[in-house]
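Residues per chain are reported as follows:
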Amino acid sequence: MDHDEAFLEDMTQVSLLRILDRLDTFNGRSRFSSWAIAIATRITFNELRRREWKNASLDALKEDGLIIDKATEPAENIAGTELSQSIRELIFKELTLRQRDALIAELDGMPQGEIAHLLGGTRNNVYKLCHDARKALRRALERKGITSFNQIDLLTEIRQEETQ
Amino acid sequence: MNLSSEKIEALVGFLKITRERELNCNECLEYVAELADLELSGVKIPEALEAVEHHLSICAECREEYEVLQLALKEMDSDAGSDG
């Protein structure tokens, strides 16, 4: 049995156990096979992402500049528009350190499951951290007078023109 | 701080569609099979499942899993059709 076959067999077994464990939650609004494949897909992709990011660590991410450090000045490396600068400043002022770490790691493409592994917690916890962060930033932007997100469209266009 | 313009732009995109109440990943998993079945059958998606579509527009991982689920179901249906 090669490595891929062993992996697929492992995922099949784990998925079957999870499906059996959750049988009472099947509500019948979809086909059973669709429901079961959705669970198996979640399990398999979580494991694939875990393997892909297994060597990631918070320290390494900070060294790479992925995670915003408390001591870093928000004014550094700012070369964008008023909106870009406002967002960078608000990320420091409005978000908790955990919210900042989770949001920036997510924007960099790190899977939520791996962020959860590094920060402690679950994928749902990370989604909530990022959701709370987005809500806090939206409210803060609105307090600064950006009440219509059409203004964000406009400012995004300005930034794009500046970078061209 | 390494927050590139591309990341800011992505964040702005997320801020524009952020809602006070959103489904989390586990809640999305509860409904995603129903959404996939309806989409495959071409039936109009009921308003109640719009929250699932919204979550998929924000969560890259759930979206990736949903796309794979759709492919798997299409293949399964295709195989069933060819058997019959």
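Further up the page is the structure itself.
Everything in this summary refers to the structure shown in the same document.

What counts and how
- Residues numbered from 1 in each chain as written.
- Chains lettered and ligands numbered in written order.
- Predicted model: local features only at pLDDT ≥ 70, side-chain atom pairs only at ≥ 80, totals over all residues.
- Heavy atoms only, no water.
- Helix = DSSP H or I, 4+ residues; strand = E, 2+ residues; numbered from the N terminus.
- Rg over C-alpha atoms; globule rule 2.2 N^0.38 Å.
- Buried < 20%, exposed > 50% of the residue type's maximum accessible area, 1.4 Å probe, protein only.
- Areas by Shrake-Rupley, 256 points an atom, 1.4 Å probe, with all protein chains shown as cover.
- Lys, Arg positive; Asp, Glu negative; His and termini not counted.
- Charge placed at Lys NZ, Arg CZ, Asp CG, Glu CD.
- Contact = heavy atoms within 4.5 Å.
- Expected span 1.5 Å × (residues − 1).
- Arc of directions from axis to C-beta.
- Axes fitted to C-alpha atoms, helices over the stretch in contact; angles between N-to-C directions.
- Parallel < 35°, antiparallel > 145°, perpendicular 65-115°, else oblique.
- Left-handed = near helix turned anticlockwise from the far one by under 90°.
- Polar contact = N/O pair within 3.5 Å; in protein donor to acceptor, adjacent residues only side chain to side chain.
- Patch = residues over 30% accessible without salt bridge, like charges linked within 9 Å, V, L, I, M, F, W, Y side chains within 5 Å.
- Salt bridge = Lys/Arg side-chain N within 4 Å of Asp/Glu carboxyl O.
- Phe/Tyr/Trp six-rings, centres within 6.5 Å; stacked < 30°, edge-to-face > 60°.

### Focus: the overall build of chain B
Piece 1. Looking only at helices and strands, one finds four helices and zero strands in chain B.
Piece 2. The helix and strand sequence of chain B, counted from the amino end, reads α-α-α-α.
Piece 3. Taken over C-alpha atoms, the radius of gyration comes to 16 Å for chain B, far larger than the 12 Å a tight globule of 84 residues would show.
Piece 4. C-alpha atoms of chain B, sized along the principal axes, occupy 60 × 25 × 20 Å.
Piece 5. Looking at the 84 residues of chain B, the share that counts as buried comes to 43%.
Piece 6. When the accessible surface of chain B is summed, it comes to about 4300 Å², and 50% of that surface belongs to carbon and sulfur atoms.
Piece 7. Placing the 7 positive and 20 negative side-chain charges of chain B at their respective mean positions leaves the two points 9 Å apart.

### Things to note about the overall build of chain A
Piece 1. Regarding its fold elements, chain A presents eight helices and zero strands.
Piece 2. Listing the helices and strands of chain A from first to last along the sequence gives α-α-α-α-α-α-α-α.
Piece 3. The burial tally for chain A puts 43% of its 164 residues in the buried class.
Piece 4. Residue pairs at least 24 apart in sequence account for 60% of intrachain contacts in chain A once pairs closer than 6 positions are excluded.

### Comments concerning helix α1 (residues 3-21) of chain A
Residue and element names in this part refer to chain A.
Piece 1. Taking 1.5 Å of rise per residue, 19 residues should cover 27 Å, and α1 covers 27 Å from first to last C-alpha, within 8% of that figure.
Piece 2. Listed as buried for α1 are F7, M11, S15 and I19. Buried residues of α1, seen end-on, are gathered within an arc of 95° and therefore sit on one face of the element. For α1, exposure combined with an orientation more than 90 degrees from the buried face picks out L17, L20 and D21.

### Let's talk about the side chain of Q99 of chain A
All names here are of chain A.
Piece 1. Following the sequence through the fold, Q99 ends up in helix α5 (residues 97-107).
Piece 2. You can call Q99 buried: its relative accessible area is 11%.
Piece 3. For Q99, the contacting residues outside a window of four places in its chain are E94, L129, D132 and A133.

### As for the packing of α1 of chain A against helix α2 (residues 32-52) of chain A
Residues and elements named next belong to chain A.
Piece 1. One can describe the packing of α1 onto α2 by two numbers: an axis separation of 9 Å at closest approach and a directional angle of 130°. Looking at the two axes, α1 sits oblique to α2. α2 is crossed by α1, and the crossing has right-handed handedness. Facing H3, F7, M11, V14, S15, R18 and I19 of α1, the residues of α2 in contact are F32, W35, A36, I39, A40, I43, T44, E47, L48 and R51.

### Remarks on the side chain of D37 of chain B
Piece 1. The residue D37 of chain B is located in helix α2 (residues 25-41) in this model.
Piece 2. Given the relative accessible area of 12%, D37 of chain B is considered buried.
Piece 3. Within the local environment of D37 of chain B, its side chain forms a polar contact with the side chain of S34 of chain A, the two groups lying 2.6 Å apart.
Piece 4. Excluding residues that lie within four positions of it along the chain, D37 of chain B makes contacts with S30, R31 and S34 of chain A together with L73 of chain B.

### Examining a negative patch on the surface
Residues and elements named next belong to chain A.
Piece 1. On the surface, a cluster of negative charge is made up of D2, D4, E5, E9 and D10.
Piece 2. Looking at where E5 falls in the secondary structure, it is placed in helix α1.
Piece 3. The exposure class assigned to E5 is partly exposed, which follows from its relative accessible area of 46%.

### With respect to the environment of L118 of chain A
Piece 1. Mapped onto the fold, L118 of chain A is located in helix α6 (residues 112-119).
Piece 2. Separated by 16 residues in the primary sequence, L118 of chain A and A102 of chain A place their C-alpha atoms 9.7 Å from one another.

### Re the packing of aromatic side chains
All names here are of chain A.
Piece 1. The tally for this structure, following the rule as stated, stands at three aromatic pairs over all chains.
Piece 2. Judged by centre distance (5.2 Å) and plane angle (50°), the ring pair of F26 and W35 falls under tilted.
Piece 3. On the basis of relative accessible area, F26 is assigned to the partly exposed category, the value being 26%.
Piece 4. When the ring of F32 is compared with that of W35, the centres are 5.5 Å apart and the planes differ by 45°; the resulting orientation is tilted. Of the two residues, F32 and W35 are both situated in helix α2; the distance of three residues between them amounts to about one turn of the helix.
Piece 5. Overall, the relative accessible area of 6% leaves W35 in the buried class.
Piece 6. Taken together, F26, F32 and W35 form an aromatic cluster joined through their ring pairs.

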